[in-house]
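Listed below are the residues making up each chain.
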Amino acid sequence: MIYKIRVILDAEEDIFRDLEIESHNSLEEFHNAITQAFGFLGNEMASFYTCDEEWKQDEEIALFDMSESGSDVRLMNETFLEDIMTENNPKLIYVYDFMNMWTFFVELADIQENEDGHSYPNVLFTFGELPETPPEKNFEAENSAFDFDDTFENYDDLDFDENWN
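Summarised in this report is the structure supplied together with it. Since we're looking at a predicted model, the values are computed, not measured.

Conventions and cut-offs
- Think of each chain on its own: its residues are numbered from 1, step by step along the sequence as written.
- Only residues with pLDDT of at least 70 get local features here, since the model is predicted, and only at 80 or more are side-chain atom pairs given and counted; chain-wide, interface and lining totals rely on the full set of residues.
- For side-chain calculations, the full set of non-hydrogen atoms in the structure is used, while hydrogens and water are omitted.
- Each helix is a run of DSSP H or I of at least 4 residues and each strand a run of E of at least 2, with the numbering of both proceeding from the N terminus.
- Residue exposure (1.4 Å probe, protein chains only): buried if accessible area is under 20% of the type maximum, exposed if over 50%, otherwise partly exposed.
- For Phe, Tyr and Trp, rings pair up if their centres lie within 6.5 Å, where Trp contributes its six-membered ring, and each pair is then called stacked (planes under 30 degrees apart), edge-to-face (over 60) or tilted (otherwise).

Most peptide bonds adopt trans geometry, and most residues besides glycine take a negative phi value. Pro121 follows Tyr120 through a cis peptide bond whose omega is 0°. With respect to the helices, strands and loops of the structure, Pro121 is situated in the loop between β7 (102–112) and β8 (122–127). In this structure, Trp55 is a non-glycine residue whose phi angle is positive, near 65°. Mapping Trp55 onto the fold places it in the loop between β3 (46–51) and β4 (57–62). You can call Trp55 partly exposed: its relative accessible area is 23%. Of note in the backbone geometry, Asp97 takes a positive phi value of approximately 65° without being a glycine.

What follows is the structure, encoded as structure tokens:
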């Protein structure tokens, strides 16, 4: 099957690419298609994140496992589009270059049969120019019932040695 996917830069102006890619491709192959479609060199770290309908980030799927002892991080080369993107879960978040935080919203638009004579992945449509620098991000926490200001009433009563882990 062929996935038709829109990849939208998280910016005020509309900047997106419509791609088609085979559903059995890995997320690493999809990552390569995205970097090429937007004109990135592809030499920076990147991750996909599963998310809900409101784009709330969930599980990370990383390009590489950067931990020293190995971990349970899912990797792009071991994860396939058809296993992570479905009609019931059509959204992902993609972050490229963690120093600059190029952030994209990825949404499955359509699933179609393979067409003979076509090569994939393929850029179907391009809209907008990528800015030279990524859009500014405003990282804010959601409201919490926990009040951090009231955690300790008197810091002078805390003995450093007693509370060191």
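Glancing now at the packing of aromatic side chains. Scanning the entire structure with this criterion turns up 10 aromatic pairs. Between the aromatic rings of Phe38 and Phe104, the centroid separation amounts to 4.7 Å while the plane-to-plane angle is 50°, which identifies the pairing as tilted. Taken together, the residues span a long stretch of sequence, with Phe38 in helix α1 (residues 27–38) and Phe104 in strand β7 at a distance of 66 residues. Considered together, Phe38 and Phe104 belong to a single accessibility category, that of buried residues. Ring-pair connections join several aromatic residues into one group, and the members of that group are Phe30, Phe38, Phe40, Phe48, Tyr94, Tyr96, Trp102 and Phe104.

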